[in-house]
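If you want the building blocks of each chain, they are given just below.
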Amino acid sequence: MAVFKGAGVAIATPFYQDGSVNYDEFGRLIEFQISNGTDAIIVCGTTGEAATMSEQEHMEVVKFCIDKVAHRIPVIAGTGSNCTHTAVQLSKEAEEYGADAVLSVTPYYNKATQDGLVAHFSAVADAIKIPVIMYNVPSRTGCNLLPSTVAKLVKDKANIVGIKDATGNISQTAEMMHLTQGNIDLYSGNDDQVIPVMSLGGIGVISVLSNVAPKKTHEMCELALKGDFAGAAAIQLSAIPLIKALFSEVNPIPVKKALEYIGFEAGPLRLPLTEIGQEHAAQLKQAMQEFGLI
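This one's a predicted model, so the numbers in the text were calculated from it and none came from an experiment. (Residues numbered from 1 in each chain as written. Predicted model: local features only at pLDDT ≥ 70, side-chain atom pairs only at ≥ 80, totals over all residues. Heavy atoms only, no water.)

Some details on helix H2 (residues 55–69)
(1) Moving on: Counted at 1.5 Å a residue, the expected span for H2 with its 15 residues is 21 Å, and the 21 Å between its end C-alpha atoms agrees.
(2) Moving on: When we look at burial in H2, the residues that qualify are Glu57, His58, Met59, Val61, Val62, Cys65, Ile66 and Val69.
(3) Moving on: The inward-facing, buried residues of H2 abut helix H1 (23–35), strand E2 (40–43), strand E3 (75–78) and helix H3 (84–97). (Helix = DSSP H or I, 4+ residues; strand = E, 2+ residues; numbered from the N terminus. Expected span 1.5 Å × (residues − 1). Buried < 20%, exposed > 50% of the residue type's maximum accessible area, 1.4 Å probe, protein only. Contact = heavy atoms within 4.5 Å.)

The structure is reproduced here in structure tokens:
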């Protein structure tokens, strides 16, 4: 059984002006997501600014989210690292806290070989019993998890069950689904490609858009899962201007401003990320108005 089907939110982490985590607002954001139909919460991923957190802080945020959600929907903990030992330790701790699964990104900067990726993900999978969802985002990591490697890992490790595919390469996605014979839970990692990915056998999205439009993102995925691809595509296409605005600068710069526009105190970004430019902020606000969010 899949960890989740539908729209999982790659949730942002609110901060106070001094840079510390604003847990009150984070709790409020979690409740907003659950009450608006989000199918899963992915905590401490790229959008959650995990790359700027200490390991202790990272796991405190994960634990808070798990405790706050209290089994109402699945919580998937981002536990990836460019150090395999660290990825293993974070994954073990997330399992102890009660995470339903972990999301593990390909090691970044190191640029591992395909053999290295097999060894890395195998080590993570062997260390825990809960499901592992791999995360392939070459544009950020400089490392591409090839379809043949995915097929080997899924075949050899029972708890490697899924992949967040943010390659943007539909041909690669199709080859991966062919080589795995569809025996993998495929999630779109790009909000502008949810329906194309689901048409190839995907079961949902791990979404930035869901931070501000959880109802619509859930509805889009639900329609696709029911086979209503025309209805799902209508939502997908109507969201394209907003999605474009949400990625007008590097994620999560725009989405934290978008959260501010709908009444959340998302707070500042941690360096080296900086505040969104005025022109992009204005375009984002207009796109949100046109999509009916503000």
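Regarding the environment of Thr84
(1) Moving on: Mapped onto the elements of the fold, Thr84 is located in helix H3.
(2) Moving on: When its relative accessible area of 29% is taken as the criterion, Thr84 is described as partly exposed.
(3) Moving on: C-alpha of Thr84 to C-alpha of Val212: the two residues are 128 residues apart in sequence and 33 Å apart in space.
(4) Moving on: With residues near it in sequence (within four places) discarded, Thr84 still touches His120 and Ala123.
(5) Moving on: In terms of polar contacts, Thr84 uses its side chain to reach the side chain of His120, at 2.7 Å. (Polar contact = N/O pair within 3.5 Å; in protein donor to acceptor, adjacent residues only side chain to side chain.)

So, the packing of aromatic side chains
(1) Moving on: This structure, assessed with the given rule, holds four aromatic pairs.
(2) Moving on: Aromatic rings pair up to connect Tyr23, Phe26 and Phe64 into one cluster.
(3) Moving on: The cationic tip of Arg28 hangs over the ring face of Phe264; the distance from NZ or CZ to the ring centre is 4.5 Å.
(4) Moving on: Geometry around Tyr135 places Lys164 over its ring, the cationic atom sitting 4.1 Å from the centre. (Phe/Tyr/Trp six-rings, centres within 6.5 Å; stacked < 30°, edge-to-face > 60°. Lys NZ or Arg CZ within 6 Å of the ring centre and 35° of its normal.)

Comments concerning the UniProt feature "binding site: pyruvate" (unreviewed entry) in the protein chain
(1) Moving on: Taken from the UniProt record, the annotation "binding site: pyruvate" (unreviewed entry) applies to Thr47 and Ile206. Over a stretch of 160 residues, the named residues converge on one spot in the fold, their C-alpha atoms separated by at most 10.6 Å.
(2) Moving on: In this structure, Thr47 sits in the loop between E2 and H2.
(3) Moving on: Using a relative accessible area of 2% as the deciding quantity, one classes Thr47 as buried. (UniProt positions renumbered as here; feature names shortened; annotations may be inferred.)

Regarding the sheet that holds strand E7 (residues 185–188)
(1) Moving on: If you walk around this closed barrel you meet the eight strands as E1-E2-E3-E4-E5-E6-E7-E8, and the pairing is parallel. Strand after strand, the sheet turns through a mean of 25 degrees between neighbouring axes, direction not considered.
(2) Moving on: In this structure, strand E5 (residues 132–136) lies alongside strand E6 (residues 160–165), joined through five bridges in parallel fashion. Within the sheet, the bridge partner assigned to Ile133 lies in E6 and is Gly162. (Pairing = 2+ DSSP bridges. Axes fitted to C-alpha atoms, helices over the stretch in contact; angles between N-to-C directions.)

A short note on the packing of H3 against helix H4 (residues 114–127)
Packed helix pairs are specified by the crossing angle of their axes together with the interaxial distance, meaning the distance between the axes.
(1) Moving on: It is at 9 Å that the axes of H3 and H4 come closest, and there the two elements cross at 25 degrees. On the basis of the axis angle, H3 is roughly parallel to H4. Relative to H4, the crossing made by H3 is right-handed. On H4, the residues touching Thr84, Ala87, Val88, Ser91, Lys92 and Glu95 of H3 are His120, Ala123, Val124 and Ala127.
(2) Moving on: Grouping the constituent residues of the contact of H3 with H4 by class yields five nonpolar, three polar and two charged. (Parallel < 35°, antiparallel > 145°, perpendicular 65-115°, else oblique. Left-handed = near helix turned anticlockwise from the far one by under 90°. Nonpolar A, V, L, I, M, F, W, Y, C, P; charged D, E, K, R; others polar.)

Examining the pairing of E5
(1) Moving on: Within E5, five of the five residues are buried, which leaves it mostly tucked inside the rest of the structure.
(2) Moving on: In terms of strand pairing, strand E4 (residues 101–105) meets E5 through four bridges, oriented parallel. Counterpart to Val102 in the pairing with E5 is Val132.
(3) Moving on: For the handedness criterion, the β-α-β arrangement of E4, H4 and E5 is classed as right-handed. (Right-handed = clockwise from strand over helix to strand, strands pointing away.)

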